[in-house]
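Examining the three-dimensional arrangement
The chain contents come next:
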Amino acid sequence: MTVLKTGQWQQGVFKGERMNYTSERIYGIDISRYQHGKGRKKYPIHWNKLRITHLGSKSKKQISGKVDYPVSFVFIKSTEGVSVRNPYYVHDYAAARKAGIPIGAYHFFSTKRTGAAQADYFINHTLFRKGDLPPVLDIEPSNSQIEAMGGSKALWSNIRAWLKAVEKRCGVKPILYVNQMFVNKYLPDAPDIKRDYKVWIARYGEYKPDIHLIVWQLSPDGRVQGITGEVDINVFNGYQTQFNEFIEKETIQ
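Let us look at the structure shown here. (Residues numbered from 1 in each chain as written. Predicted model: local features only at pLDDT ≥ 70, side-chain atom pairs only at ≥ 80, totals over all residues. Heavy atoms only, no water.)

Within the structure shown, the criterion is met by 13 aromatic pairs. Between F73 and F243, the aromatic rings sit 6.1 Å apart at their centres with planes inclined by 35°, giving tilted as the arrangement. Taken together, the positions of F73 in strand 7 (residues 73-80) and F243 in helix 7 (residues 240-249) put the pair 170 residues apart, joining distant regions of the chain. The residues F73 and F243 share a single accessibility class, namely buried. Ring geometry for F182 and Y186: centres 5.4 Å apart, planes at 40°, overall tilted. Looking at F182, the relative accessible area reads 2%, which means it is buried. In textbook terms, an aromatic cluster arises when at least three aromatic residues are bridged by ring pairs, as seen for F73, F75, Y177, W200, F236, F243 and F246. If you follow K173 out to its NZ or CZ, it ends over the ring of Y197, 4.6 Å from the centre. (Phe/Tyr/Trp six-rings, centres within 6.5 Å; stacked < 30°, edge-to-face > 60°. Helix = DSSP H or I, 4+ residues; strand = E, 2+ residues; numbered from the N terminus. Buried < 20%, exposed > 50% of the residue type's maximum accessible area, 1.4 Å probe, protein only. Lys NZ or Arg CZ within 6 Å of the ring centre and 35° of its normal.)

What follows is the structure, given as structure tokens:
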């Protein structure tokens, strides 16, 4: 069987599909403590006023119409490693749920602790309720950090341990958050992960990558009414019908 890839090609290399941003697409944000200010200045999030007003300036984008989109989902940082917690997580979780916004939690992976220990830490300090989005493992190690932990094999062994433990607790497969460099260099070493798990990618260029894409972080410097400062802006890989199916079938039950 011949598999055809439609989209942009450059010198024989598949670049992906170009995204066109319209009001019909499904947009969301991800937040951590930084959306509440840095240093001594602290800012609230006005959950009843959230509107995406700017898609960021890291790359040129094809935009049709005015950027004035509702926030249709939010991922909130819960934990990092085995000792760091987002002090605003519980409050933001409750506020987002009250505002009727689908919520998910993410864990920032550390190469200095085992995946099993990090899974326990995440599970013990994160809320999991019916209708919540699948949990996310945020994987952003440098090449040197991966080498220090024993290379790609050790990295994937610990990632698998985290994924299995969290899936057992939640009943849904977690999502991997990675960047394009990681996809290119390390994902080929884990064909089972590439096959079985959905990916949320940070890619500030203009093309959808060749993976099981579920969410695309299209900029780190967007603007959202109701939040002070820059915000990561994301787009769901699909339209309202697909998003409704995702909420119905792939969220925590």
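Moving on: the side chain of R25. By the element assignment, R25 lies in the loop between strand 3 (20-21) and strand 4 (27-31). Polar contacts involving the side chain of R25 include one to the side chain of Y239, which spans 3.1 Å. Once residues lying within four places of it in the same chain are set aside, the contact partners of R25 are M19, N20, V235, G238 and Y239. (Polar contact = N/O pair within 3.5 Å; in protein donor to acceptor, adjacent residues only side chain to side chain. Contact = heavy atoms within 4.5 Å.)

For strand 4, the tally of buried residues reaches 5 of 5 residues, placing the bulk of the element in the interior. Residues of strand 4 alternate between two faces, with Y27, I29 and I31 on one and G28 and D30 on the opposite face, all of them buried.

Turning next to the packing of helix 2 (residues 115-124) against helix 4 (residues 152-170). Between helix 2 and helix 4, the least distance of the axes is 7 Å, while the angle of their chain directions is 30°. Note on packing geometry: the crossing formed by helix 2 with helix 4 is right-handed. From helix 2, G115, A116, Q118, A119, F122 and I123 reach across to helix 4, where they touch N158, A161, W162, A165, V166 and R169. Residues of the contact of helix 2 with helix 4, tallied by class, amount to 8 nonpolar, 3 polar and 1 charged. (Axes fitted to C-alpha atoms, helices over the stretch in contact; angles between N-to-C directions. Left-handed = near helix turned anticlockwise from the far one by under 90°. Nonpolar A, V, L, I, M, F, W, Y, C, P; charged D, E, K, R; others polar.)

A separate point is the pattern of salt bridges. Summed over all chains, the structure comprises 7 salt bridges. For K173, the salt bridge goes to E167, with nearest N and O atoms at 3.6 Å. On the basis of relative accessible area, E167 is assigned to the partly exposed category, the value being 25%. Between K198 and E250 there is a salt bridge, and its shortest N-O distance comes to 3.0 Å. On the criterion of sequence distance, the pair formed by K198 in the loop between helix 6 (191-196) and strand 12 (199-202) and E250 in the segment after helix 7 is long-range, its members being 52 residues apart. (Salt bridge = Lys/Arg side-chain N within 4 Å of Asp/Glu carboxyl O.)

Residues I29 and I52 are the most contacted members of the largest nonpolar core, which totals 60 residues. For this core, the element with the highest residue contribution is helix 4, accounting for 7 residues. Beyond its immediate stretch of four places on either side in the chain, I52 contacts Y27, G28, I29, V67, D68, Y69, P70, V71, R223, V224 and I233. Membership of the second largest hydrophobic core comes to 15 residues, among which are I26, L133, V215 and F246. (Core = buried A, V, L, I, M, F, W, Y, C linked by side-chain atoms within 4.5 Å.)

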